[in-house]
Amino acid sequence: MNYETLLFSKHDGIAFISINRPSKLNALNLTVFEELEACLEEARKDKGVRVVILSGEGERAFAAGADISELATLDAIQGKEASHRGQELFDLVENLGKPVIAAIRGYALGGGCELAMACTLRIASEDARLGQPEVKIGIIPGYGGSQRLARLVGKGRAMEIILAGEPITAHEAYRIGLVNHVVPAKDLLATAESLARQIMANAPLAVRFAMESVSHGMEMTQQEGLRLEASLFGLCCATEDMKEGTRAFLEKRSPKFSGK
Ligand code: COA
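About the criteria used
Residues numbered from 1 in each chain as written. Predicted model: local features only at pLDDT ≥ 70, side-chain atom pairs only at ≥ 80, totals over all residues. Heavy atoms only, no water. Near = heavy atom within 4 Å. Polar contact = N/O pair within 3.5 Å; in protein donor to acceptor, adjacent residues only side chain to side chain. Helix = DSSP H or I, 4+ residues; strand = E, 2+ residues; numbered from the N terminus. Nonpolar A, V, L, I, M, F, W, Y, C, P; charged D, E, K, R; others polar. Contact = heavy atoms within 4.5 Å. Patch = residues over 30% accessible without salt bridge, like charges linked within 9 Å, V, L, I, M, F, W, Y side chains within 5 Å. Areas by Shrake-Rupley, 256 points an atom, 1.4 Å probe, with all protein chains shown as cover. Salt bridge = Lys/Arg side-chain N within 4 Å of Asp/Glu carboxyl O. Core = buried A, V, L, I, M, F, W, Y, C linked by side-chain atoms within 4.5 Å. Buried < 20%, exposed > 50% of the residue type's maximum accessible area, 1.4 Å probe, protein only.

Participant: Explain the site of the ligand to me, please; I cannot follow it from the model alone.
Facilitator: Surveying the vicinity of the ligand reveals 17 residues, the closest of which are Lys-24, Arg-60, Ala-64, Ala-66 and Ile-68. The side chain of Arg-60 places a nitrogen or oxygen atom 2.4 Å from an oxygen atom of the ligand. One of the backbone nitrogen or oxygen atoms of Ala-64 is found 3.0 Å away from a nitrogen atom of the ligand. Elements supplying a minimum of two residues to the shell around the ligand: helix H2 (68–71) and strand S6 (107–109). By residue class, the composition of the shell around the ligand is eleven nonpolar, two polar and four charged.

Participant: Can you help me understand the environment of Leu-149 in this one?
Facilitator: By the element assignment, Leu-149 lies in helix H5 (residues 145–153). Taking the C-alpha atoms as reference points, Leu-149 and Ile-161, separated by twelve residues in sequence, lie 9.0 Å from one another. Ignoring any residue separated from it by four or fewer positions in sequence, one finds Leu-149 in contact with Met-117, Gln-132, Gly-154, Ala-158, Ile-161, Ile-162 and Leu-178.

Participant: Whenever I open this one, a nonpolar patch on the surface confuses me. Can you help?
Facilitator: The grouping of Ile-68, Ile-137 and Ile-139 at the surface amounts to a nonpolar patch, some 250 Å² of accessible area in total. Among the structural elements, Ile-137 can be located in the loop between strand S8 (129–131) and H5.

Participant: Sorry, what's going on with unusual backbone geometry here?
Facilitator: At Asp-12, a residue that is not glycine, the phi angle is positive and equals roughly 50 degrees. Relative to the elements of secondary structure, Asp-12 occurs in the loop between strand S1 (6–11) and strand S2 (14–19). In this structure, Lys-252 takes a positive phi of about 55 degrees despite not being glycine. Topologically, Lys-252 is positioned in the segment after helix H11 (240–250).

Participant: I'm lost on the nonpolar core in this one. Help?
Facilitator: A general tendency of soluble globular proteins is for nonpolar side chains to be buried together. Ranked by internal contacts, the top residues of the largest apolar core, which has 49 residues, are Ile-17, Phe-62, Ile-104, Leu-130 and Leu-178. When residues of this core are assigned to their parent elements, the largest contribution, six residues, is made by helix H1 (residues 30–45). Every residue in contact with Ile-104, bar those within four places of it in the chain, is listed here: Phe-62, Ala-116, Arg-122, Ile-123, Ala-124, Ser-125, Ala-128, Leu-130, Val-179 and Leu-188. Core analysis: the second largest hydrophobic core is formed by 16 residues, Ile-53, Ile-101, Leu-188 and Ile-199 among them.

Participant: Before we go on, may I ask you to explain the pattern of salt bridges in this structure?
Facilitator: Any two side chains of opposite charge can pair, on the condition that their charged atoms come close. One pass over the structure, following the stated rule, counts 16 salt bridges. With its nearest N and O atoms 3.1 Å apart, the salt bridge here joins Arg-85 to Glu-37. Taken together, the residues span a long stretch of sequence, with Arg-85 in helix H3 (residues 76–94) and Glu-37 in helix H1 at a distance of 48 residues. Overall, the relative accessible area of 24% leaves Arg-85 in the partly exposed class. One salt-bridge network, held together by shared partners, links Glu-244, Arg-247, Glu-251 and Arg-253.

What follows is the structure, encoded as structure tokens:
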């Protein structure tokens, strides 16, 4: 299927989604949202897809935020609806059941930074700039940024990034734990793909349950999180891949996982 604002392809177990509005620095308009949802749903349903890599076309931006020309006309009710819509879509990214790796080149601002934060892992190029500049135009982060940023980097750092509104460099984002790796721009996609392949070598259900345990556990008390972890650990023990993985270790050979 052809998309107006995205490039979508699948190759060897990886779905590649790239936001394709480089002349608008990949700003997220309603069409991007609709198409992103369709691609994510397809990646979620396709058993052949194990990891998604999300990027932005061009050299200048992952995504420079929600499309301000659309935001400008919102009234209170429409604003609340728009915020819910973005939150739901980014929840889909976070809870896809498969790792989503953000490959961030250039600007990841506002909704672009929020989209990256909903991803499972983030790799930035050295020229990336990340930030939540919404207060500069009279709004606050509305697609989960005020929640996910504090959870990723802590309340004090999140407050400064959101209240000052100034983008931070890729190296600063790495220092505070907002991105997992910083690499030269020319290596960005290859690094994302190599990380994807490392993950894909592991047992698919274990990868899925591990993501669920970390993500959902963070929304609970530690005691509740530990109970969730124990249940998911138990589920892993019921999989063929657990039998294969443990047997392969004991037989000193590489495991052959089936995803069952
Ligand atoms: N929404 C809509 N259009 C956007 C956009 C956004 N969030 N960010 C960039 N664009 C558009 C610009 O309007 C411009 O379009 P034009 O060429 O038709 O005029 C094009 O992308 C290039 O951006 P420009 O501002 O000319 O590039 P720059 O290098 O001077 O500045 C930024 C880059 C990222 C600093 C600047 O574009 C910016 O501040 N963008 C908005 C960031 C933001 O506030 N995001 C959060 C929104 S809630």
